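An overview of the molecular structure
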Amino acid sequence: MAKIRVKLRLSNIEGKAGTIYYCISHRSQVRHISTNIRIMPQLWDGDKQRITGSTGAQKRIDSDMSTLSGIVRRLEAAAAEYTADDIVDSFRAPWLNISVVEFMHEQIQFLTDCNRLGTAVNYRRAANALEAFLAGRELLFQELTPAFVEQYGDHLLRKGLRRNSLSFHMRILRAVYNKAVRHGYAEQSFPFRNVYTGIDRTRKRALGEDTISRLIHLDVAGMKHLSFARDLFMFSFYTRGMAFVDMAYLRKTDIQEGIIRYSRHKTGQQLAVRAEPCIREIIDRYSQAVSDTPYVFPILKSDDTAASFNEYKSHLRIYNYRLKQLAQLLGLECGISSYTPRHSWATTARNHNVPMSVISAAMGHASERTTQIYLATLENSLIDSANREILELLNKPRKC
């Protein structure tokens, strides 16, 4: 199989930036592909074939390497002789006939290699839905027209998908298409301009403070699994809505000097939460159960990326099921999910007149506008209460 390496060609002038190029070797044939990526020599790690630090240039290299690897895999699968020139020509050819599904699977592999497993799962779902619609027919990028997209959207709606689910599939397909355009596999024709790719606001339910208090004091003695689910729910609430994925991957080393420091899996944003006594109490409760693991909670056992991700997904399903059981014990008409603690903390903070800027920073939002949009989707209990008082006042019987 062909070998592909990333190299830095040094400048003839000392102190000047060098140029990144790709070296393809196959059957004693060596070919180079030049790029316009220029970096200083001290930023290049030749052993790892990477730019030190996270940069846009490195993302471009990763993307190109993913494309080259995909080309090699296709040529190998063709079971015919090929040369290094064939690889170079395929990489440079804007008219390359690669199918949409084939390219989607390349992106899934790229995301998996980068340990972006959640996104890879979403891409796989979208790819499976598209393959089911095509029913074995090949779809080239030049065939991905507005008419096809509309037809595919109608098909998904007939299958019972709601607008947000339809948008999920269309957003992923659009992202794949745009990447194919950047790679020269397609000419931009904006085939998604007439389809819905937004997100409808769904009504989020937050638990009130009285219900939170009832949950804390709910008698679940002898029900170990429900007790654990409640502890995770309260830990999330106490830590300003820490997501389940972040609780699952939280390590003991993330807690130092009474501060929990972690990166949100969703955004990569760094957050710090003081480990208040109620938080510490929950952590200590499971110290024995995790004595032989690096994690804070007995959710993950493996340090292997793929295995731990599967454990996380499995436990998330179980966690949501246990939360529904807790909701039934509390006699709630609305259910409880892993998102409820986050919504509940945000609503509680707002109801206690915590400034929007503080709520935004506490939840790791990029801006206050994000927080405003987030809170706008929650039950507005304060406004409902005020409206009730006004209506009662207006309808109060008048004295003669």
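Below you will find a few notes about this structure.

1. Details of the sheet that holds strand β8 (residues 270–274)
Taken in spatial order, the three strands of this open sheet run β6-β7-β8, and their pairing is antiparallel. Edge positions in the sheet fall to β6 (255–256) and β8, since each has one partner strand and no second.

2. Some thoughts on helix α7 (residues 209–216)
Within an α-helix, residues lying three or four positions from one another point in the same direction, as the helix has 3.6 residues per turn. Taken together, the buried positions of α7 are T211, I212 and L215. Down the axis of α7, the buried set is contained in an arc of 100°. They therefore lie on one face. In the core, the buried residues of α7 are packed alongside α8 (224–238), α11 (305–329) and α12 (340–351).

3. Some details on the sheet that holds strand β1 (residues 3–9)
Ordered by their spatial adjacency, three strands build an open sheet running β1-β2-β3, and the pairing between neighbours is antiparallel. The open sheet has two edge strands, β1 and β3 (29–39), and neither has a second partner. Taking the axes of each pair of neighbouring strands and ignoring which way they run, one obtains an average angle of 25° across the sheet. The pairing of β1 with strand β2 (residues 18–26) spans seven bridges and is classified as antiparallel. By the bridge assignment, K7 is partnered in β2 with Y21. Across the face of the sheet, helix α2 (residues 84–92) comes into contact with β2 and β3 while running at roughly 35° to β3.

4. Comments concerning the packing of helix α3 (residues 100–113) against helix α4 (residues 117–134)
Between α3 and α4, the least distance of the axes is 9 Å, while the angle of their chain directions is 165°. The angle between α3 and α4 places the two elements in the roughly antiparallel class. Of the two elements, α3 crosses α4, and the hand of that crossing is left-handed. Of the residues in α4, those in contact with V100, V101, M104, H105, Q107, I108, L111 and T112 of α3 are L117, T119, A120, Y123, R124, A126, A127, L130, E131 and L134.

5. Digging into helix α1 (residues 56–77)
With 22 residues, α1 ought to run about 32 Å at 1.5 Å a step, and its terminal C-alpha atoms sit 32 Å apart, in line with that. Count one or two residues on from α1 and you reach A79, which has phi positive near 55°.

6. Notes on the pattern of salt bridges
Per the counting criterion, the structure on display carries eight salt bridges. A salt bridge links D64 to R60; the nearest nitrogen and oxygen atoms lie 3.0 Å apart. Of this pair, D64 and R60 are both found in helix α1, four residues apart, which corresponds to roughly one turn of the helix. On the basis of relative accessible area, D64 is assigned to the buried category, the value being 7%. A residue is classified by how much of its surface remains accessible, and R60, at 35% relative accessible area, is partly exposed. What you see here is one network of salt bridges that share partners, running through D231, E281 and R285.

7. Quick word on the packing of aromatic side chains
Two numbers describe a pair of aromatic rings. These are the distance of the centres and the angle of the planes. Tallied over the full model, the rule gives 15 aromatic pairs. With a centroid separation of 6.0 Å and 65° between ring planes, the pair formed by Y177 and F192 is classed as edge-to-face. Pair noted here: Y177 is in helix α6 (residues 163–183) and F192 is in the loop between α6 and α7, with a separation of 15 residues, a long-range link. Given the relative accessible area of 1%, Y177 is considered buried. For F192, a relative accessible area of 7% translates into the label buried. The rings of F244, Y249, F309, Y312 and Y319 are connected pair by pair, giving a single aromatic cluster. Directly above the ring of Y21 sits R9, whose terminal nitrogen or CZ lies 4.2 Å from the centroid.

Rules and cut-offs
- Residues numbered from 1 in each chain as written.
- Predicted model: local features only at pLDDT ≥ 70, side-chain atom pairs only at ≥ 80, totals over all residues.
- Heavy atoms only, no water.
- Pairing = 2+ DSSP bridges.
- Helix = DSSP H or I, 4+ residues; strand = E, 2+ residues; numbered from the N terminus.
- Buried < 20%, exposed > 50% of the residue type's maximum accessible area, 1.4 Å probe, protein only.
- Arc of directions from axis to C-beta.
- Contact = heavy atoms within 4.5 Å.
- Axes fitted to C-alpha atoms, helices over the stretch in contact; angles between N-to-C directions.
- Parallel < 35°, antiparallel > 145°, perpendicular 65-115°, else oblique.
- Left-handed = near helix turned anticlockwise from the far one by under 90°.
- Expected span 1.5 Å × (residues − 1).
- Salt bridge = Lys/Arg side-chain N within 4 Å of Asp/Glu carboxyl O.
- Phe/Tyr/Trp six-rings, centres within 6.5 Å; stacked < 30°, edge-to-face > 60°.
- Lys NZ or Arg CZ within 6 Å of the ring centre and 35° of its normal.

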